[in-house]
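Below, each chain spelled out in residue letters.
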Amino acid sequence: KMGMHVTRHVSRPLLLLVPLFARPPTSLAAVAAFAPSSPLHAGLFSAPLMPLRCKSPATLRGGGGASIFLRGKKPAAASWRAMAGTAEKEGEEAAASEVEWSAGKVRQTFIDFFKEKHQHDFVVSSPVVPLDDPTLLFCNAGMNQFKPVFLGQADPSSRLASLKRAVNTQKCIRAGGKHNDLDDVGKDTYHHTFFEMMGTWSFGDYFKEEAIAWAWDLLTNVYKLPTDRLYATYCEGNEHEGGTVPADEETRQLWLKYLPEDRVLKGSMKDNFWEMGDVGPCGPCTELHFDRVGGRNAAHLVNMDDPDVVEFWNIVFMQFNREEGGALKLLPAQHVDTGMGFERLVSMLQDRRSNYDTDLFSYLFSAIQAEIGCEPYGGRVGPEDKDFRDTAYRVLADHARTLSFAIADGAVPSNEGRGYVLRRILRRAVRYGQQMLGAHPGFMSKLIPAVVSYYKDIFPELTAKQSLIVATLEEEEAAFEKMLTTGIKWFETLAEGLVAEQQDTVQGADAFFLYDTMGFPVDLTELMAEEKGLRVDVKGFEQCMAQQKQRSKEAAAMAKGGGGKAMALGVDETAALAKMGIGATADEGKYV
């Protein structure tokens, strides 16, 4: 049965077609929302009914796509997509008006709170590619650009050296190296390779009491998060184990001003003590956690990897210096370094259990659907996403953001280092798009304008580099396209044979063939194998890789005459040839 409701949104009437479920939807339960002028409005009440899938506010909460009904003949594919896009756009506009805390408002409120109320200087995000820090593939935390201040190495004439309080939102990428979320992206609702880290810093200025009081004020009085869903942890130290770190009782007592005792929890050294390295500044931290469900005591779920009880703000108190030998010494100037996960905070304020169900991603899902012409995003995860369609949506949206920011800040896809990480990310997205969504070749570069438009105000560098980003991706996609189809067919044949023979392992030599000949990163092969219920012999792959490197090394030595002196003409040799009347080599034929 269908229920038809007329309501008002802004100043114009909207026709809402709502299926009558056993229980009412959790928000504005429009399956589609569109004005009478919409192409979908005409002819609704003549000819047979016919379903058309469409995204809705209910879908944004993680449910599947719903159906609206059109009358008449099924339109051509292009017309179908155009009408679906119109309905989706108007539906999203209606849903957006219901969101009190848009992502942009969340970010700006954080910055203004510390800048205007607590006199912090706003410091723009450093590039996500730390070209001046060889220890990092990508910037993965907000404090990276402030390391010279913490280490006492800041140039006295620089702005950094004069900072006492700072606030910013930092572009971060965690893919490759110690912090690597790449393999998990798409499979769940909260992993990202690109994310923003909103942070505040005190450089020898205020300390624990102010940091905790201001955090509580922002969360409960400004963002108005329900206080009964908040939990705080503090460092239990390791003195009870014979160590040198005392329990952070000061932080515990400060939190007890705001939270009941059963929601101020001990945290381990692993979770609640931060160190820059084996020696140097370090200190205890307090973490804030939020229960998405509410109406219960979720203390036992804190730090248990429960997707509904999430850590979202880490406040580090740098009060010690780790000396050689492990001793702790109080720092003469104590610092505060805080980092809040922007995507998580937005999902909390928009009451979404998935980061991907917020306005940080809905615009990209619309762009993906419009570009590819596929079914809309439905929010399915795990076994429910049998065709991997929604997994592919999440992969494409995440990777489009990562590639945009990385290339804009100076990274280039290549075969080594951070360049190879970018190449893996792009090829992972291309494979998902073409195999799971039926995308046409070259589709990824077409998504970049949507990313640039969305972030142009807070990160204007994207606008300046848009043409470079697009051109780089077009070139990379074209190079990979030549091998993608052949590689997938080769793997499909291999997988079918293994399943028929009741084997569960892709041999290392086969994975290396895909890597060396087809350009498939091994993690992409692992992903395809996992989807078939197979695994990859990674050790065997690494052995093949080592053998290849050895062969290359030997070949290079042979080219140099067995490792002897390189064959090159020096000053004496060229002078001797000139005396013999031998002219310089004619280079014209080398160039076209």
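Keep in mind it's a predicted model, so treat the numbers as computed, not measured.

About the cut-offs
Along each chain, residues carry numbers from 1 onward, in the same order as the chain's sequence is written. A pLDDT threshold of at least 70 governs which residues receive local features in this predicted model, and a stricter bar of 80 or more applies before side-chain atom pairs are shown or counted, although totals over entire chains, interfaces and linings include all residues. To obtain the side-chain values, all non-hydrogen atoms of the structure were used and water was disregarded. Strands here are runs of E lasting at least two residues and helices are runs of H or I lasting at least four, both read from the DSSP assignment and numbered beginning at the N terminus. Only protein chains enter the calculation, and the probe is 1.4 Å; a residue is then buried if its accessible area is under 20% of its type maximum, exposed if over 50%, and partly exposed in between. Working rule for contacts: check all heavy atoms of both residues, and any pair within 4.5 Å makes them a contact. We get accessible surface area from the Shrake-Rupley algorithm with a probe of 1.4 Å; when it comes to residues, only the shown protein chains can shield them. Counted as salt bridges are all cases of a side-chain nitrogen of Lys or Arg within 4 Å of a carboxyl oxygen of Asp or Glu. Strands are labelled as partners when DSSP assigns at least two bridges between them. Place the viewer so that the strands point away; then a crossover is right-handed whenever the path from the first strand over the helix to the second strand goes clockwise. One less than the number of residues in a helix, times 1.5 Å, gives the span that helix is expected to have. Given a residue, its bend is the angle between the two axes fitted to the seven residues that end at it and to the seven that start from it. Pairing of N or O atoms within 3.5 Å defines a polar contact, subject to two protein rules: one partner must be a possible hydrogen donor and the other a possible acceptor, and residues neighboring in sequence count only if both atoms are side-chain atoms. Note on definitions: angles span 0 to 180 degrees between N-to-C directions of axes, and those axes are lines fitted to C-alpha atoms, for helices only across the stretch in contact. Working rule for handedness: look at the near helix, and if it is turned counterclockwise from the far one by less than a right angle, call the crossing left-handed; if clockwise, right-handed. Each residue receives one of three labels: charged for Asp, Glu, Lys and Arg, nonpolar for Ala, Val, Leu, Ile, Met, Phe, Trp, Tyr, Cys and Pro, and polar for the others, Gly being one of them. Definition of nonpolar core: a set of buried residues of the types Ala, Val, Leu, Ile, Met, Phe, Trp, Tyr and Cys, connected through side-chain atoms within 4.5 Å. How sure the predictor is of each residue is captured by pLDDT, a score from 0 to 100. For this text, the term disulfide refers to a pair of cysteine sulfurs within 2.5 Å.

Participant: How should I be thinking about the overall build of the protein in this particular structure?
Facilitator: Per the secondary structure count, the protein includes 19 helices and 16 strands. In the protein, which comprises 592 residues, the proportion classed as buried is 50%. In the protein, the proportion of contacts linking residues at least 24 apart, taken out of those at least 6 apart, comes to 69%. Summed over all atoms, the accessible surface of the protein reaches about 28,300 Å², with 53% contributed by carbon and sulfur.

Participant: Mind showing me how you'd approach the pattern of salt bridges here?
Facilitator: Per the counting criterion, the structure on display carries 25 salt bridges. Between Glu530 and Lys187 there is a salt bridge; the shortest N-O distance is 3.1 Å. In this pair, Glu530 sits in helix α17 (residues 522–531) while Lys187 sits in the loop between β7 (165–173) and β8 (194–203), placing the two residues 343 residues apart along the sequence. In this structure, Arg380 engages Asp390 in a salt bridge whose closest nitrogen and oxygen atoms are separated by 2.7 Å. Of the two residues, Arg380 sits in the loop between α10 (359–372) and α11 (389–408) while Asp390 sits in helix α11, which places them 10 residues apart along the sequence. Neither Arg380 nor Asp390 differs from the other in exposure class; each is buried. One salt-bridge network, held together by shared partners, links Arg380, Asp385, Asp387, Arg389 and Asp390.

Participant: Would you mind showing me how to read the pairing of strand β10 (residues 264–267) here?
Facilitator: One face of the sheet, then the other: side chains in a regular strand alternate in exactly this way. Across four bridges, the pairing between strand β9 (residues 230–235) and β10 is parallel. Counterpart to Cys235 in the pairing with β10 is Gly267. Tracing the backbone out of β9, into helix α7 (residues 249–255) and back to the parallel element β10 gives a crossover that is right-handed.

Participant: What should I look at first to understand the environment of His289 in this one?
Facilitator: Structurally, His289 can be placed in strand β12 (residues 280–291). On the basis of relative accessible area, His289 is assigned to the buried category, the value being 1%. If we skip the residues at most four places from it in the chain, His289 touches Arg229, Leu230, Tyr231, Thr233, Val302, Asn303, Val310, Glu311 and Phe312.

Participant: Looking at this structure, I do not really get helix α15 (residues 466–500). What am I missing?
Facilitator: Think of an α-helix as 3.6 residues a turn; residues three or four steps apart then line up on the same face. If you check α15, its first and last C-alpha atoms are 48 Å apart, about what 35 residues at 1.5 Å a residue would give, namely 51 Å. The largest bend along α15 reaches roughly 40° and is located at Glu481. Just past α15, the residue Gln502 takes up positive phi, approximately 55°.

Participant: Explain the side chain of Gln350 here, please?
Facilitator: Checked against the element boundaries, Gln350 lands in the loop between α9 (342–349) and α10. A polar side-chain atom of Gln350 sits 2.9 Å from the main-chain carbonyl oxygen of Trp101. In this structure Gln350 touches Val99, Trp101, Ser102, Ala103, Thr358 and Asp359, once residues within four positions along its chain are discounted.

Participant: Explain α11 to me, please; I cannot follow it from the model alone.
Facilitator: Here α11 contains 20 residues, and its C-alpha end-to-end distance of 29 Å stays within 8% of the 28 Å for a straight helix at 1.5 Å per residue. Backbone geometry just after α11 places Gly410 at a positive phi near 115°.

Participant: What am I meant to see in unusual backbone geometry here?
Facilitator: Backbone geometry at Gln119 places phi at a positive 55°, although glycine is not the residue there. With respect to the helices and strands, Gln119 occurs in the loop between α3 (103–117) and β6 (121–122). Even without being a glycine, Lys224 presents a positive backbone phi close to 60°. Among the secondary structure elements, Lys224 is positioned in the loop between α6 (208–222) and β9.

Participant: Can you walk me through the packing of α11 against helix α12 (residues 417–436) in this structure?
Facilitator: Helix-helix packing is described using two parameters, namely the angle between the two axes and the distance between the axes. Running from amino to carboxyl end, α11 crosses α12 at an angle of 150°, the nearest separation of the two axes being 9 Å. The chirality of how α11 crosses α12 is left-handed. Residues Thr391, Ala392, Val395, Leu396, His399, Thr402, Leu403, Ala406 and Ile407 of α11 lie in contact with α12, whose contacting residues are Leu422, Ile425, Leu426, Arg428, Ala429, Tyr432, Gly433 and Met436. Its residues placed into classes, the contact of α11 with α12 shows 12 nonpolar, four polar and one charged.

Participant: Would you take a moment to explain the packing of α3 against α9 for this structure?
Facilitator: At a minimum axis distance of 10 Å, the contact between α3 and α9 shows a crossing angle of 115°. Note that α3 runs across α9; the crossing there is right-handed. The segment α3 lies against α9, with Ala103, Val106 and Arg107 engaging Phe342, Leu345, Val346 and Leu349. Here the residues of the contact of α3 with α9 are counted per class, giving six nonpolar, no polar and one charged.

Participant: Sorry, what's going on with the side chain of Glu476 here?
Facilitator: On the secondary structure map, Glu476 appears in helix α15. Given the relative accessible area of 11%, Glu476 is considered buried. Look past the residues within four positions of Glu476 in its chain and what remains in contact with it is Pro413, Arg423 and Leu426.

Participant: Whenever I open this one, the nonpolar core confuses me. Can you help?
Facilitator: One broad rule of soluble globular proteins: the nonpolar side chains tend to lie buried together. Within the largest apolar cluster, 116 residues are counted, with the highest numbers of intra-cluster contacts made by Tyr223, Trp313, Leu396 and Met444. Setting aside anything within four residues of it in sequence, one finds Trp313 in contact with Phe110, Phe114, Ala215, Leu218, Leu219, Thr286, Glu287, Leu288, Thr338, Gly339 and Met340. Counting 15 residues, the second largest nonpolar core, distinct from the first, contains Val123, Trp201, Phe203 and Cys285.

Participant: Would you take a moment to explain the pairing of strand β13 (residues 309–322) for this structure?
Facilitator: Of all 14 residues in β13, 12 are buried; the element is thus mostly enclosed. Inspection of the sheet shows β12 paired to β13 by 10 bridges, in the antiparallel sense. Paired with Phe290 across the two strands is Val310, which belongs to β13. Across nine bridges, the pairing between β13 and strand β14 (residues 328–341) is antiparallel. Paired with Trp313 across the strands is Met340, a residue of β14. Adjacent in sequence and paired antiparallel, β13 and β14 are bridged by five residues, among which Gly325 carries a positive phi angle near 95°.

Participant: Help me understand the environment of Val506 in this model?
Facilitator: In this structure, Val506 sits in strand β15 (residues 505–506). For the pair Val506 and Leu534, spaced 28 residues apart in the sequence, the C-alpha separation amounts to 7.0 Å.

Participant: What is the right way to look at the confidence of the model for the protein in this model?
Facilitator: Parts of the prediction with low pLDDT should not have their coordinates interpreted in detail. Overall, the predicted model of the protein reaches an average pLDDT of 81, with 78% of residues at or above 70. Here residues 1–95 scores under 50 on pLDDT; set against residues more than four positions off or in separate chains, the count is 172 contacts. Scored below 50 in pLDDT, residues 562–566 makes three contacts in the model with residues more than four places away or belonging to other chains.

Participant: Whenever I open this one, the state of the cysteines confuses me. Can you help?
Facilitator: By definition, a disulfide is the covalent link that joins the sulfur atoms of two cysteine residues. What the rule picks out here adds up to zero disulfides. With no disulfide of its own, Cys172 lies 4.8 Å from the sulfur of Cys139, the closest cysteine sulfur.

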